[in-house]
Amino acid sequence: MKRCFIFAAGTFFGLRERPVPGDLVIAADAGYRVCQTAGVVPDVILGDFDSMEAPKAGDRIVRLPVEKDDTDTMFALKLGLEKGYRRFYIYGGLGGKRPDHTIANMQALLFLLSHGARGWLFGENYVWTAIRNSSLRIEGEGDVAVFCFDGKAEGVSIKGLKYELDDAEISSDFPLGVSNSFASREAEISVKNGTLLIMYDIKVNEID
């Protein structure tokens, strides 16, 4: 499936996978510098360019107003959705000098779910993603965290981790799912009704 790579201006921990023909690469403002660091040429460079001067890139530049409701990263996600992409890999969306953007990018994972898409938000040897009324199989080793991200989540089951759940209910006002870990090579996390925010180590190149 074709993928949309979004490069934002937060901390860049290195690429897990490189874009291939058919993928879309969008640099969100100073995320262009992240692209340069990664050796990736963006198809689109958009932003209000308040954190860097717009590069000379011809019709690849999309200028946005400084005063707007959406972040540059959110504009990039919406553009990817408009172009038909449903798998989004977000780099530079964590850390940096703006922790508010980290929270915004986690919320963006829910925005993608609401539009029939999935996002992966990459950190240092770990990734955040979200599921709604569905299940996710993950493979690897190390730490895993599972949080309810929207009110209550019902029918939550966790298999293959040190601490398992079976058809449980968890809520967004209590961090029950912190500090779990792989008990086997593969684990499955599912929710019947609700939304889960999931973080897991990716010491191996497995993100789906």
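All values derive from a computational prediction rather than experimental measurement.

Draft legend 1. Region of interest: unusual backbone geometry. Of note, Asn125 is a non-glycine position whose phi angle comes to about 65°, a positive value. Within the secondary structure, Asn125 is located in the loop between strand S6 (118-122) and strand S7 (126-132).

Draft legend 2. Representation of the packing of aromatic side chains within the structure. Tallying each qualifying case throughout the model produces 8 aromatic pairs. When the centroid spacing of 6.4 Å and the interplanar angle of 5° are considered together, the rings of Phe5 and Tyr91 count as stacked. Of the two residues, Phe5 is situated in strand S1 (residues 4-7) and Tyr91 in strand S5 (residues 87-91); the sequence distance between them amounts to 86 residues. In terms of burial, Phe5 and Tyr91 fall into one category: buried. Aromatic side chains Trp128 and Phe147 sit 6.4 Å apart centroid to centroid with 25° between the ring planes, which places their arrangement in the stacked category. Of this pair, Trp128 sits in strand S7 while Phe147 sits in strand S9 (residues 143-148), and the two are 19 residues apart along the sequence. Using a relative accessible area of 11% as the deciding quantity, one classes Trp128 as buried. What links up through ring pairs into an aromatic cluster is the set Phe5, Phe7, Phe12, Tyr89, Tyr91, Trp120 and Phe122.

Basis of the calculations
Residues numbered from 1 in each chain as written. Predicted model: local features only at pLDDT ≥ 70, side-chain atom pairs only at ≥ 80, totals over all residues. Heavy atoms only, no water. Helix = DSSP H or I, 4+ residues; strand = E, 2+ residues; numbered from the N terminus. Phe/Tyr/Trp six-rings, centres within 6.5 Å; stacked < 30°, edge-to-face > 60°. Buried < 20%, exposed > 50% of the residue type's maximum accessible area, 1.4 Å probe, protein only.

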